[in-house]
Amino acid sequence: MAASHIWVSPLRPHSNVGVSDLGLRRCVDMRCNWDLERLPRWECCCLSVLAQRAITPVEDEKPLIPQVETSEAIDQVQDTQSRGFHKDLNLLPKPLSATDIFSSPRNSAKVRVAYQGMPGAYGEAAALKAYPKCETVPCEEFEAAFKAVELWLVDKAVLPIESSVGGSIHRNYDLLLRHRLHIVGEVQMVVNHCLLGLPGVQKEELKRVLSHPQALDQCDMILTKLGVVRVSTDDTAGAALMVAASGERDSGVIASDRAAEIYGLNILLEKIQDDDDNITRFLILAREPIIPGTDRPHKTSIVFTLEEGPGMLFKALAVFASRDINLTKIESRPQRKRPLRVVDDSNKGSARYFDYLFYIDFEASMAEPRAQHAMAHLQEFASFLRVLGCYATDSAL
Ligand SMILES: O=C(O)C(=O)Cc1ccccc1
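Rules and cut-offs
Residues numbered from 1 in each chain as written. Predicted model: local features only at pLDDT ≥ 70, side-chain atom pairs only at ≥ 80, totals over all residues. Heavy atoms only, no water. UniProt positions renumbered as here; feature names shortened; annotations may be inferred. Near = heavy atom within 4 Å. Polar contact = N/O pair within 3.5 Å; in protein donor to acceptor, adjacent residues only side chain to side chain. Areas by Shrake-Rupley, 256 points an atom, 1.4 Å probe, with all protein chains shown as cover. Helix = DSSP H or I, 4+ residues; strand = E, 2+ residues; numbered from the N terminus. Phe/Tyr/Trp six-rings, centres within 6.5 Å; stacked < 30°, edge-to-face > 60°. Buried < 20%, exposed > 50% of the residue type's maximum accessible area, 1.4 Å probe, protein only. Lys NZ or Arg CZ within 6 Å of the ring centre and 35° of its normal. Salt bridge = Lys/Arg side-chain N within 4 Å of Asp/Glu carboxyl O. Domains from an automatic or database assignment. Contact = heavy atoms within 4.5 Å. Buried area = accessible area lost by both parts, 1.4 Å probe.

Per an unreviewed UniProt entry, the protein goes by the name Arogenate dehydratase and belongs to Populus trichocarpa. We quote the UniProt Function (unreviewed entry) comment for the protein here in full: "Converts the prephenate produced from the shikimate-chorismate pathway into phenylalanine."

Okay, here's the thing in structure tokens:
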């Protein structure tokens, strides 16, 4: 494999499921359509080697695919073809079509959806809930998933934004602002954690348990009861891969039943989370916004900043209350580029305040006049306002 090629999870771990279930099997460097089928038989490789090779960040580079099909762009593709890079144009990422943008997520076929983690992570399950026939694309980090959409490597990204137990995932709030993607949908997922171990291992033999920090927090009671050391990993499925690869019989994992199947681990306990109603909300992000509808309940997500002054947040919230618009979420984050606001008062000296960004989700579609009026009103006194997306509410758990 040439070092210059970008691979998104060329993963073929040794497991009893078909290799076709596992992530992307194609080099996503647009100049190349190598297929993993041509590479040495991955099934024969040792898992620890795979663990090192499988996870590949999406590198920061210019998109290689033209975004609109101008004749110049088509010439470029043909030119590339004549130099022998493309053998099959169908392998190129397809720009969002009108039907893709306008149809509801659940109706789309073969959309490529990026998520953070390894195959078997909850993010992958969320992607498959939103787009049952999609091709899921694992990414090492949240930011890699944002970049994969921006670089046209995938069509969408699915990212966790809040959990009923742990609250907001602040990192993704910050990334939403930093990147110019649009929220086009949401997915609510019931997360049922399992305790996994190598075949033949009993739960009493475990000395440590590996998982994503959120999963470790959500299963605090059982971990305390077992008296094990908690080890944080990037994602739940990555923990399953590590234990399967290391063969450590005293290491357990908290992950999904699907991760157990993929990595050949046994389920020692099921539904081990402290709270039965363990729900994580994921956002679906795309390069283009959807056209908001009024045919079904919609939510709109916005971010704004306010000028300093008494009652400014009260005033901001009143634009919704006065129009009978229900808020489902409010989150404040410090403004990282301008964290402090210095206010001079000649009598008392200068005071320093934290400067905040406010994120709000409200239950209305931007197609409704009351939402448009609320935004126009807020804009009158917000120093910055951005609509992050308007999308259909997910009410199916
Ligand atoms: O690690 C994963 O599988 C994730 O998708 C993150 C996560 C962890 C715990 C609960 C929900 C999502």
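Asker: When you look at the site of the ligand in this model, what are you seeing that I'm missing?
Answerer: Around the ligand, the neighbouring residues are Ala121, Tyr122, Gly123, His193, His212, Gln214, Ala215, Gln218, Asp235, Thr236 and Thr280. In this structure, an oxygen atom belonging to the ligand sits 2.9 Å away from a main-chain N or O atom of Tyr122. Relative to its unbound accessible surface of 320 Å², the ligand loses 99% to contact with the protein. Secondary structure elements with two or more residues in the shell around the ligand: helix 4 (122-130) and helix 7 (213-218). Element by element, the count of residues in the shell around the ligand is highest for helix 7, at three residues.

Asker: Would you mind going over the packing of aromatic side chains with me for this structure?
Answerer: The description of an aromatic ring pair uses the distance of the two centres, along with the angle that the planes make with each other. Summed over all chains, the structure comprises four aromatic pairs. Both rings, one in Tyr173 and one in Tyr359, keep their centres 4.8 Å apart while their planes meet at 70°; by these two values the pair is edge-to-face. Note that Tyr173 is positioned in helix 6 (residues 170-178) and Tyr359 in strand 16 (residues 356-362), a separation of 186 residues in sequence. With respect to burial, Tyr173 and Tyr359 carry one shared label: buried. Pairwise contacts between aromatic rings join Phe304, Tyr356 and Phe358 into one cluster. The ring of Trp152 has Arg287 sitting right over it, with the charged end atom 3.7 Å from the ring centre. A cation sits over an aromatic face here: Lys315 above Phe381, 4.7 Å from the ring centre.

Asker: I tried to follow the pattern of salt bridges on my own but got confused; where do I start?
Answerer: Pairing is possible between side chains of opposite charge, provided their charged atoms come close. Going through the model one piece at a time under the given rule, you end up with 17 salt bridges. Residues Arg208 and Glu248 are paired through a salt bridge, measuring 3.6 Å at the closest nitrogen-oxygen approach. With a gap of 40 residues between them, Arg208 in strand 7 (residues 208-211) and Glu248 in the loop between helix 9 (236-246) and strand 9 (251-255) connect regions that are remote in the sequence. One continuous salt-bridge network, built from bridges that share partners, spans Glu162, Glu186, Arg281, Lys299, Lys329, Glu331 and Asp361.

Asker: I would appreciate a short explanation of the domain arrangement of the protein in the present structure.
Answerer: How big an interface is tends to be stated in terms of accessible area lost as the parts join. For the protein, the assigned domains are domain 1 (19-190), domain 2 (194-269) and domain 3 (292-392). Contact residues are listed per partner, giving 16 residues for domain 1 and 16 residues for domain 2. At the boundary of domain 1 with domain 2, total buried surface from both sides reaches about 1,300 Å², with 62% on carbon and sulfur atoms. At the junction of domain 1 with domain 2, the criterion picks out one salt bridge. Residues Glu124 and Arg258 are paired through a salt bridge, measuring 2.9 Å at the closest nitrogen-oxygen approach. Our count for the domain 1 to domain 2 interface comes out at seven residue pairs in polar contact (both at pLDDT 80 or more). Broken down by secondary-structure element, the contributors of at least two residues to the side of domain 1 that touches domain 2 are helix 1 (47-54) and helix 4. At three residues, the largest contribution of residues to the side of domain 1 that touches domain 2 is made by helix 1.

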